[in-house]
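Here's the letter readout for the chains.
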Amino acid sequence: VTASINTEDCLAYKNTECRSCYDPCEAGSISMTPRLGGVTIPTLNTSFCTGCGACFAVCPTKAISMTTN
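Anyway, here's the lowdown on the structure attached to this text. (Residues numbered from 1 in each chain as written. Predicted model: local features only at pLDDT ≥ 70, side-chain atom pairs only at ≥ 80, totals over all residues. Heavy atoms only, no water.)

Structurally, Ser 29 can be placed in the loop between strand S1 (2-5) and strand S2 (30-35). Residue classification places Ser 29 among the buried residues on the basis of a relative accessible area of 4%. Beyond its immediate stretch of four places on either side in the chain, Ser 29 contacts Thr 43, Leu 44, Asn 45, Phe 48 and Cys 49. (Helix = DSSP H or I, 4+ residues; strand = E, 2+ residues; numbered from the N terminus. Buried < 20%, exposed > 50% of the residue type's maximum accessible area, 1.4 Å probe, protein only. Contact = heavy atoms within 4.5 Å.)

Time to look at unusual backbone geometry. For Asn 15, which is not a glycine, the phi torsion comes out positive at approximately 65 degrees. Unlike most non-glycine residues, Lys 62 shows phi in positive territory, near 60 degrees. Position of Lys 62 relative to the elements: it lies in the loop between helix H1 (54-58) and strand S4 (64-67). Under the relative-accessibility criterion, Lys 62 is labelled exposed at 54%.

Time to look at the environment of Gly 28. Assignment of secondary structure puts Gly 28 in the loop between S1 and S2. Among the residues examined, Gly 28 registers a relative accessible area of 45% and is labelled partly exposed.

This part is about the nonpolar core. Counting residues in hydrophobic clusters, the biggest one holds 13 residues, and the most contacted among them are Ala 3, Ala 12, Cys 21, Ile 30, Cys 55 and Ile 64. Residue contacts for Ile 30: discarding those within four places in its chain leaves Cys 21, Tyr 22, Cys 25, Pro 42, Thr 43, Leu 44 and Cys 55. (Core = buried A, V, L, I, M, F, W, Y, C linked by side-chain atoms within 4.5 Å.)

Listed below in structure tokens is the structure:
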């Protein structure tokens, strides 16, 4: 199981500061990538994702989904 980010629903991709998925990710699979003229956006490295669901549980817009590999 791995996480994926729906960029259409993610607050950061709508230029609203949000780090709710990044903060609980103990595996370090989510990094915050700087954008020129905008807020940082979450970038998911699926090779580090453990499928724990910590990011999924806290996303305020349900932009994170969990999928079976």
